[in-house]
Amino acid sequence: MSAPNNAYDPVEVAVLAPDEVQQMLDDALRAIAAAADLDQLKAARIAHAGDRSPLALANAEIGALPPAARAEAGRRVGAARAAIRQTLAERQAELEAERDQRVLIDEAVDVTLPWDRSLAGARHPVTTLGERLTDVFVSMGYEVAEGPEVEAEWYNFDALNFPPDHPAREMYDTIFVAGRHGEQHSGVLLRTHTSPVQIRALLTRPLPVYVVSPGKCYRTDTLDATHSPVFQQIECLAVDEGLTMADLRGAISAFVEAMFGPGLQTRLRPDFFPFTEPSADVSMECHVCRGASTRRGGEPCRVCRSQGWIEIAGCGMVNPRMLVACGVDPDRYSGFAFGLGIDRSVLIRNGVTDIRDTFEGDVRFSRAFGMEA
Ligand code: PHE
């Protein structure tokens, strides 16, 4: 007689009853169908097909059944587990396809959308216009010459033929630099114009001299819409044999046409500067209305205030006294010079009405000029 089958415990193997297995299968299929994404499906897989799932545990009980019942139970559990595997695989494929679709939509890049202007730093319009002005002269064969902003009074005034007590010095509201011991007349100032670079160029360069000098200048002007204590000028100096006022006019016309447009007329009217003789102020025909605002029935023009002309520069033939001061023979050499405001040119050229806009550092101002690298 064989030993009694002690391992058979009807309570433990109740999990193998057909409706129990069916219940486990139904629970599993419901959980798989309810899984809304791959993470939830993974949780359902662990719960219903993992090593600790009810069906896996039931499967482990098969050996405890009487031998005659094992095959039947094994088939039932096996079928349920196969159905779950199959359903899991199908749902997995479905959810992956859904995810791939969503990625295509969520991560799509519309290359036709307008792009944001990069907020990387950009150069200021006064800087870029200064370079353009300089380039005009460089293309005409001039060399760039620079001088210090903290300048000796001698270069700024004396060498430029401003006599010590001459009222012409009053033309410039000068900021003097106090001496080391606080003296007011230290002989050092913040240059009031770029003209001292003329002297520096003549003293250091071999003749003929053709130089262009852009740079910052300072005066005690109070800040308002049209004045600033700091501003930029660009100066042009040519000293050679046989230069005449015709050459000056030619240089000015070439420059105005390059900056403001071809065909613009220029006009010289007598003026006074101690370092040029004769001296003149330069006006150009208004590049916006081209004089139309001055004619009967013409629309008023904001840019030239309906004058038809815009004053842009000071100029003249280099004063022979200045040539002598720099050791240049005035019987052999002559020259011309002119100087103009770069900030002012930005205002004129781009219709900016308030000079303060040019240095308040508001990027909305610079951005309107386009970002030049
Ligand atoms: N330096 C003069 C000014 O600032 C301008 C100028 C330059 C005049 C060159 C004549 C020649 O007013």
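Our subject is the structure that appears above.
This write-up is about the structure you can find in this document.

For the rest of this paragraph, the subject is the pairing of strand β4 (residues 209–218). Extensive coverage of β4 is indicated by the burial of seven of its 10 residues. Judged from the two bridges that link them, strand β1 (residues 143–144) and β4 form a sheet pairing that is parallel. Residue pairing for β4: E143 is matched across the bridge by V211. Pairing of β4 with strand β5 (residues 230–241) involves 10 bridges; the strand directions are antiparallel. Across the sheet, the residue bridging to Y218 is V230, located in β5.

End to end, helix α1 (residues 18–34) covers 24 Å across 17 residues, agreeing with the expected 24 Å (1.5 Å per residue, within 8%). Every buried residue of α1 is accounted for by V21, M24, L25, A28 and I32. Across the axial projection of α1, the buried residues extend over an arc of 95°, all falling on one side. The outward face of α1, more than 90 degrees from its buried face, is lined by the exposed residues D19, R30, A33 and A34. The inward-facing, buried residues of α1 abut α2 (38–49), α3 (54–61) and α4 (67–106).

The ligand sits among 15 residues. The nearest are H193, S195, R219, Q233 and E235. Note that a nitrogen atom of the ligand is positioned 3.0 Å from one of the side-chain N or O atoms of H193. Between S195 and the ligand, the recorded distance is 2.9 Å, taken from a side-chain N or O atom to a nitrogen atom. Taken atom by atom, the bulk of the ligand overlaps the largest pocket. Within the residue set of the shell around the ligand, elements represented by two or more residues are β5, β8 (309–318) and β9 (333–341). When its residues are assigned to classes, the shell around the ligand shows six nonpolar, seven polar and two charged.

Quick look at helix α7 (residues 196–204) now. Residues of α7 that are buried: P196, V197, Q198, I199, A201 and L202. Tucked into the core, α7 has its buried residues touching β2 (150–152), α6 (153–156), β4, β5, α9 (320–325) and β9.

A word on the nonpolar core. Formed by 37 residues in total, the largest nonpolar core has its most connected members in Y142, F255, V256, M284, I312, F336 and F338. Listing elements by their share of this core, those giving two or more residues are α5 (125–139), β5, α8 (245–260), β7 (276–285), β8, β9 and α10 (342–350). Counting residues per element, this core draws most heavily on α8, at seven residues. Ignoring sequence-local partners within four residues, the contact set of V256 consists of G261, L264, T266, M284 and I312. In terms of nonpolar packing, the next biggest core, distinct from the first, is built from 25 residues, L160, V211, F273 and V318 among them.

Attention shifts here to unusual backbone geometry. Of note, the bond from L207 into P208 is cis; its omega dihedral lies within 30 degrees of zero at -5°. Tracing the backbone through its elements, the reader meets P208 in the loop between α7 and β4. The backbone of N161 shows a phi angle near 75°, a positive value even though the residue is not glycine. Mapped onto the fold, N161 is located in the loop between α6 and β3 (188–190). At R290, a residue that is not glycine, the phi angle is positive and equals roughly 50°.

The buried count for β7 comes to eight of 10 residues, which makes it a mostly enclosed element. Pairing of strand β6 (residues 266–273) with β7 involves seven bridges; the strand directions are antiparallel. The partner of R267 across the bridge, within β7, is S283. The hairpin formed by β6 and β7 contains two residues between the paired strands. Pairing analysis gives eight bridges linking β7 to β8, with the strands arranged antiparallel.

The next thing to look at is the packing of α5 against α8. Two elements in contact, α5 and α8, have axes whose closest approach is 10 Å; the angle formed by their N-to-C orientations is 140°. Between α5 and α8, the angle is such that the two are oblique. Both α5 and α8 take part in a crossing whose hand is right-handed. Residues L129, R132, L133, V136 and F137 of α5 form the contact with α8, whose participating residues are F255, A258 and M259. When its residues are assigned to classes, the contact of α5 with α8 shows seven nonpolar, no polar and one charged.

Summed over all chains, the structure comprises nine aromatic pairs. On the basis of an interplanar angle of 55° and a centroid distance of 6.0 Å, the ring pair of F255 and F338 is categorised as tilted. Linking F255 in helix α8 with F338 in strand β9, this pair joins segments that are 83 residues apart in sequence. Here the two residues F255 and F338 agree in accessibility, since each one is buried. Lying over the aromatic face of Y155, R200 brings its terminal NZ or CZ to 4.0 Å of the ring centre.

Before going further, it helps to examine the packing of α3 against α4. Orientation of α3 relative to α4, taken along the N-to-C sense of each, is 155°, at an axis distance of 10 Å. Taken together, the axes of α3 and α4 are roughly antiparallel relative to one another. Considering only the axes of α3 and α4, their crossing is left-handed. Contacts between α3 and α4 involve L55, A56 and N59 on the former and, on the latter, V77, A80, R81 and I84. Its residues assigned to classes, the contact of α3 with α4 comprises five nonpolar, one polar and one charged.

Criteria and cut-off values
- Residues numbered from 1 in each chain as written.
- Predicted model: local features only at pLDDT ≥ 70, side-chain atom pairs only at ≥ 80, totals over all residues.
- Heavy atoms only, no water.
- Buried < 20%, exposed > 50% of the residue type's maximum accessible area, 1.4 Å probe, protein only.
- Helix = DSSP H or I, 4+ residues; strand = E, 2+ residues; numbered from the N terminus.
- Pairing = 2+ DSSP bridges.
- Expected span 1.5 Å × (residues − 1).
- Arc of directions from axis to C-beta.
- Contact = heavy atoms within 4.5 Å.
- Near = heavy atom within 4 Å.
- Polar contact = N/O pair within 3.5 Å; in protein donor to acceptor, adjacent residues only side chain to side chain.
- 1 Å grid on protein atoms, 1.4 Å probe; cavity = no way out; pocket = protein on both sides within 12 Å on 5 of 7 lines; lining within 4 Å.
- Sits in = over half its atoms within 2 Å of the grid points.
- Nonpolar A, V, L, I, M, F, W, Y, C, P; charged D, E, K, R; others polar.
- Core = buried A, V, L, I, M, F, W, Y, C linked by side-chain atoms within 4.5 Å.
- Axes fitted to C-alpha atoms, helices over the stretch in contact; angles between N-to-C directions.
- Parallel < 35°, antiparallel > 145°, perpendicular 65-115°, else oblique.
- Left-handed = near helix turned anticlockwise from the far one by under 90°.
- Phe/Tyr/Trp six-rings, centres within 6.5 Å; stacked < 30°, edge-to-face > 60°.
- Lys NZ or Arg CZ within 6 Å of the ring centre and 35° of its normal.

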